[in-house]
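Reading the structure
Listed below, chain by chain, are the residues.
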Amino acid sequence: MNDMLALDFSNTGYIYMFLIWSVAGIIGAIFAHKKGRNPFFWGIICLIIPMALFAIGGMRAPGEPVPERFRDE
């Protein structure tokens, strides 16, 4: 009945989990490198917690100007 909630503990499930986490870690390292941050640190953080991609994606690179809508006048 609730097949979507059934957990898959087969070898295929572990392979999918490994691939998703690995891709998240690689993308996190690439984003960090482009933003001038430590790619090793952010790659490991995104490997452990894939939601950290949103954090590194929202960061500004050093020296990048603040967008106009966020400036105080």
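Residues numbered from 1 in each chain as written. Predicted model: local features only at pLDDT ≥ 70, side-chain atom pairs only at ≥ 80, totals over all residues. Heavy atoms only, no water.

**Topic: the overall build of the protein chain**
Definition in use: Every helix listed is a DSSP run of H or I at least four residues long, and every strand listed is a run of E at least two residues long, numbered separately from the N terminus. When a residue's accessible area, from a 1.4 Å probe over protein chains only, is under 20% of the maximum for its type it is buried; when over 50% it is exposed; and in between it is partly exposed. Contacts are assigned to residue pairs with any non-hydrogen atoms lying within 4.5 Å of each other. Note that accessible areas follow from Shrake-Rupley with a 1.4 Å probe, and for residues the cover is restricted to the protein chains shown.
Across its full length, the protein chain holds 3 helices and 0 strands. Each helix and strand of the protein chain, placed in order from N terminus to C terminus, yields the pattern α-α-α. Within the protein chain, the fraction of its 73 residues that count as buried is 18%. Look at the contacts in the protein chain between residues 6 or more apart in sequence, and 39% of them connect residues 24 or more apart. Accessible area for the protein chain stands at about 6,200 Å²; split by element, carbon and sulfur atoms hold 69% of it.

**Notes on the packing of aromatic side chains**
This is how the line gets drawn: For this analysis, a ring pair means two rings from Phe, Tyr or Trp (six-membered ring only for Trp) whose centres lie within 6.5 Å, classed as stacked if their planes differ by under 30 degrees, edge-to-face if by over 60, and tilted for the remaining angles.
Applying the stated criterion across every chain yields a total of 1 aromatic pair. Between F41 and W42, the ring centres sit 5.6 Å apart and the planes meet at 85°, which makes this aromatic pair edge-to-face. With a relative accessible area of 12%, W42 lands in the buried category.

**Concerning the environment of A24**
Mapping A24 onto the fold places it in helix α1 (residues 11-35). A relative accessible area of 6% means that A24 is categorised as buried. C-alpha of A24 to C-alpha of I44: the two residues are 20 residues apart in sequence and 9.5 Å apart in space. When neighbours within four sequence positions are excluded, A24 is seen to be in contact with C46, P50 and L53.

**Section: the packing of α1 against helix α2 (residues 39-48)**
A packed helix pair is summarised by two numbers, namely the angle formed by the two axes and the spacing between the axes. This is how the line gets drawn: Throughout, an axis means a line fitted to C-alpha atoms (over the contacting stretch in the case of helices), and angles, computed between N-to-C directions, take values from 0 to 180 degrees. Just so you know how the angles are binned, under 35 degrees is roughly parallel, over 145 roughly antiparallel, 65 to 115 roughly perpendicular, and the rest oblique. Left-handed is the label given to a crossing in which the near helix is rotated counterclockwise from the far helix by less than a right angle, and right-handed is the label when the rotation is clockwise. The classification used treats Ala, Val, Leu, Ile, Met, Phe, Trp, Tyr, Cys and Pro as nonpolar, Asp, Glu, Lys and Arg as charged, and all other residues, Gly among them, as polar.
Orientation of α1 relative to α2, taken along the N-to-C sense of each, is 150°, at an axis distance of 7 Å. With respect to each other, α1 and α2 are oriented roughly antiparallel. With respect to the hand of their crossing, α1 and α2 are arranged in right-handed fashion. Of the residues in α2, those in contact with W21, S22, A24, G25, G28, A29, A32 and H33 of α1 are P39, W42, G43, C46 and L47. Partitioned by chemical class, the residues of the contact of α1 with α2 number 8 nonpolar, 5 polar and no charged.

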